[in-house]
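One letter stands for each residue in the lines below.
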Amino acid sequence: MLSVADATQQILAAFAPLPAETVGLDRALGRVLAEPVIARLSQPPADASAMDGYAVRAADIASLPARLKVTGSIAAGAAPTQALKPGEAMRIFTGAFLPEGGDSVVIQENCDRDGDVVTVREGSNTRGQHVRQKGNDFGQGEIGIERGRQLTARDIALAAAMNWPFLAVTRKPRIAILSTGDELQHPGEILGPAQIVASNGFGLAALVTACGGEPNYLGIARDNLPDLDRMIAAAGGADLLVTTGGASVGEHDLIQKALAARGAKLDFWKIAMRPGKPVMFGALGAMPVLGLPGNPVSALVTATLFLKPAIEKLLGRVGGATVPATAKLGAAMKANDQRQDYHRATLGRDAEGALVATPFSKQDSAMLSLIAKADALIVRPPHAPEAKVGDLTDIVLLAGGSESI
């Protein structure tokens with residue numbers, strides 16, 4: 001069986017970033033930037049007042065109190081129309097550009113106004129006081145956002161300030177999802193005496209969306225080759241086909257046969273991990289195929305480990321890979337066998353504030369109720385020895401985990 005690390009390497013090697021498309025700022029949130037955002041102007045574009053007060057020359061207020069003649073007023077958005085001469089001051093408001101000759105601002109609380117004369121009573125005479133220098137935020141030509149970043153609201157605001165109404169982002173990966181099994185029915189449908197409700201397709205579609213992809217849930221293929229062939233054909237045009245169930249070697253596990261009949265080539269179909277041993281990967285022509293287990297927990301765990309990084313590679317996302325963190329164990333764990341285990345766990349903090357991962361007592365790969373409550377996966381490498389409470393362990397954080405940690 002293939003190791004998790006080798007399987008991840010093989011899967012990611014099959015993908016490359018998709019082409020870019022242009023979207024407006026109102027549609028850019030959560031998208032991955034395909035080209036860097038470079039400032040088209042400086043901000044502020046000129047020296048600007050940071051406070052309401054009076055624009056002055058620092059040399060004129062070297063000795064206080066200082067009486068200055070008020071020769072004008074400048075509001076934000078109004079360009080100064082005259083220069084500031086020695087012995088003069090101009091009323092100025094927050095955000096307004098300093099007049100030529102002005103190099104400082106005295107806040108209005110430190111001044112007394114009498115007609116066209118203002119007396120500066122107190123304050124610093126340091127040049128540049130209460131002035132936002134030109135380019136203080138960013139300068140023209142400066143890179144504001146690097147390519148590969150998943151855009152946040154803060155990024156959108158910065159791009160707008162840098163005068164970009166549209167952004168180049170990576171096209172969303174189109175991920176076709178196919179569930180398989182005679183035993184499955186969709187939520188809300190009438191169940192036969194030996195049937196269960198299908199959950200994998202909906203959970204995986206939600207994960208794809210959360211990762212920045214565009215899911216296309218094809219539905220449920222029954223355990224016969226004609227139905228599987230028909231539904232696999234419906235995945236044409238996808239950047240990746242994800243199947244769930246039917247990837248093992250039992251009599252009713254037909255997905256490998258259906259794919260082979262269409263000329264698919266498989267790289268592997270077993271990984272030394274638990275849950276999730278029957279993971280399959282290959283290609284149907286130019287379309288990669290990732291086969292995940294049918295057990296709901298196994299499907300979500302393997303999707304977190306393999307599907308999520310694949311989508312991030314298609315997006316060209318930088319820094320989004322599933323990198324293990326560490327935590328203290330909240331419960332003792334037995335020695336491991338030859339497979340790498342991923343135990344569902346909750347996270348908390350101990351008295352010293354250290355992160356603590358506590359595994360659930362049950363780790364059944366069909367128990368969705370527990371993975372829904374989980375914050376992380378505890379990673380137990382092959383042949384890991386017994387671990388005690390308080391020992392450090394690697395963990396994989398799950399999206400949407402506890403916000404209290």
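Residues numbered from 1 in each chain as written. Predicted model: local features only at pLDDT ≥ 70, side-chain atom pairs only at ≥ 80, totals over all residues. Heavy atoms only, no water.

## Notes on unusual backbone geometry
The test is simple: Starting at the N terminus, helices and strands are each numbered in turn, a helix being any DSSP run of H or I of at least four residues and a strand any DSSP run of E of at least two.
Each neighbour pair has its own omega, and for Gln43 with Pro44 the value is -10 degrees, a cis peptide bond. Topologically, Pro44 is positioned in the loop between strand 2 (37-38) and strand 3 (48-49). Note that the residue after Leu64, namely Pro65, is joined by a cis bond; omega there is 0 degrees. Its location among the elements puts Pro65 in the loop between strand 4 (53-56) and strand 5 (66-74).

## A few points about the nonpolar core
Stated formally: Put simply, buried Ala, Val, Leu, Ile, Met, Phe, Trp, Tyr and Cys residues joined by side-chain atoms within 4.5 Å make one nonpolar core. With a 1.4 Å probe rolled over the protein chains alone, any residue whose accessible area is under 20% of its type maximum counts as buried; one over 50% counts as exposed, and the rest are partly exposed. Pairs of residues are marked as contacts when any of their non-hydrogen atoms sit within 4.5 Å.
Counting 41 residues, the largest nonpolar core has Ile175, Leu290, Phe306 and Leu307 as the members making the most contacts within it. Those elements that provide at least two residues to this core are helix 1 (4-13), strand 13 (174-180), helix 3 (200-210), strand 17 (240-244), strand 21 (287-292), helix 6 (296-315), helix 7 (368-373) and strand 25 (376-380). The biggest single contributor to this core is helix 6, with 10 residues. If we ignore the near neighbours within four places in the chain, the residues touching Leu290 are Ile11, Leu240, Leu241, Val242, Thr243, Val279, Met280, Phe281, Phe306 and Leu307. If you look at the next biggest cluster of nonpolar residues, it comprises 20 residues, including Ala221, Leu228, Leu241 and Met287.

## Examining the pairing of strand 23 (residues 340-349)
Note the following rule: In this scheme, strands are said to pair when DSSP sees at least two bridges between them.
The element strand 23 is largely enclosed, with a buried count of 7 among its 10 residues. Judged from the 2 bridges that link them, strand 19 (residues 273-274) and strand 23 form a sheet pairing that is parallel. What sits directly across from Arg274, in strand 23, is Asp341. Pairing between strand 23 and strand 25: 5 bridges, direction antiparallel.

## A short note on the packing of aromatic side chains
The condition that has to hold: Paired rings are identified among Phe, Tyr and Trp, the last through its six-membered ring, by centres lying within 6.5 Å, and are further divided according to the angle between planes into stacked (under 30 degrees), edge-to-face (over 60) and tilted (the rest). Two thresholds decide whether a charge sits over a ring: the Lys NZ or Arg CZ must be within 6 Å of the ring centre and within 35 degrees of the ring normal.
Tallying each qualifying case throughout the model produces 3 aromatic pairs. Consider the rings of Phe15 and Phe281, whose centres lie 6.2 Å apart with planes at 50 degrees: the pair is tilted. Taken together, the residues span a long stretch of sequence, with Phe15 in the loop between helix 1 and strand 1 (20-24) and Phe281 in strand 20 (residues 280-284) at a distance of 266 residues. A relative accessible area of 2% means that Phe281 is categorised as buried. Through successive ring pairs, a cluster of aromatic residues spans Phe15, Phe268 and Phe281. It is Arg40 that lies over the ring of Trp164; its NZ or CZ is 3.6 Å from the centre. Sitting above the plane of the Tyr54 ring, Arg91 keeps its charged end 5.3 Å from the centroid.

## Some points on the packing of helix 3 against helix 6
Operational definition: Fitting a line to C-alpha atoms yields each axis, with helices limited to the stretch in contact; the angle taken between N-to-C directions then spans 0 to 180 degrees. Should an angle fall under 35 degrees it is taken as roughly parallel, and over 145 as roughly antiparallel, whereas 65 to 115 is taken as roughly perpendicular and any remaining angle as oblique. A crossing counts as left-handed when the near helix is turned anticlockwise from the far one by less than a right angle, and as right-handed when that turn is clockwise. Basically, the charged four are Asp, Glu, Lys and Arg, the nonpolar ten are Ala, Val, Leu, Ile, Met, Phe, Trp, Tyr, Cys and Pro, and anything else, Gly included, counts as polar.
Contact pair helix 3 / helix 6: the axes reach a minimum separation of 10 Å and the direction vectors enclose 25 degrees. Looking at the two axes, helix 3 sits roughly parallel to helix 6. Two packed elements cross with a definite hand, and for helix 3 against helix 6 that hand is right-handed. Of the residues in helix 6, those in contact with Asn200, Gly203, Leu204, Leu207 and Val208 of helix 3 are Pro296, Ala299, Leu300, Ala303, Thr304, Leu307 and Ile311. Along the lines of polarity and charge, the residues of the contact of helix 3 with helix 6 split into 9 nonpolar, 3 polar and no charged.

## Notes on the side chain of Glu88
Our working rule: The term polar contact refers here to a pair of N or O atoms within 3.5 Å; inside protein, the definition further demands a hydrogen-donor-capable atom paired with an acceptor-capable atom, and it admits residues adjacent in sequence only when both atoms are side-chain atoms.
Tracing the backbone shows Glu88 in strand 6 (residues 88-92). One polar contact links the side chain of Glu88 to the main-chain amide nitrogen of Lys85, over a distance of 2.9 Å. Beyond its immediate stretch of four places on either side in the chain, Glu88 contacts Ala55, Val56, Asp60, Leu68, Lys69, Thr71 and Ala83.

## A few points about the sheet that holds strand 4
The sheet built from 6 strands is open, its strands ordered 7-4-6-5-9-8 with mixed pairing. Strand pairing shows two members of the sheet lacking a second neighbour, strand 7 (104-107) and strand 8 (111-114), which therefore form its edges. Mean inter-strand twist for the sheet, computed between neighbouring axes without regard to direction, equals 35 degrees. Where strand 4 meets strand 7, 4 bridges bridge the pair, whose relative direction is antiparallel. Looking at strand 7, one finds that Ala55 is bridged to Val105.

## Side note on the sheet that holds strand 17
If you walk across this open sheet you meet the 6 strands as 16-13-17-21-20-18, and the pairing is mixed. This sheet does not close on itself; its edge strands, each paired only once, are strand 16 (214-221) and strand 18 (265-268). Mean inter-strand twist for the sheet, computed between neighbouring axes without regard to direction, equals 20 degrees. Two elements, strand 20 and strand 21, share 5 bridges in a ladder whose sense is antiparallel. The residue of strand 21 that forms the bridge with Met280 is Gly291. Across the face of the sheet, helix 4 (residues 225-233) comes into contact with strand 13, strand 16, strand 17 and strand 20 while running at roughly 165 degrees to strand 16.

## Points about helix 3
What counts is decided by this rule: This arc corresponds to the set of directions leading from the helix axis out to the C-beta atoms.
Asn200, Gly201, Leu204, Ala205, Leu207 and Val208 are the residues of helix 3 that are buried. Buried residues of helix 3 fall within an arc of 160 degrees about the axis and therefore sit on the same side. The inward-facing, buried residues of helix 3 abut strand 13, strand 16, strand 17, strand 21 and helix 6. The positive-phi residue at the C-terminal boundary of helix 3 is Gly212, with phi of around 100 degrees.

## Topic: the pairing of strand 17
Among the 5 residues of strand 17, 5 are classified as buried, and the element is accordingly described as predominantly covered. Of the two faces of strand 17, the one lined by Leu240, Val242 and Thr244 and the one lined by Leu241 and Thr243 are each fully buried. Two elements, strand 13 and strand 17, share 5 bridges in a ladder whose sense is parallel. Across the sheet, the residue bridging to Ile177 is Val242, located in strand 17. Examined bridge by bridge, strand 17 and strand 21 share 4 bridges and lie parallel to one another.

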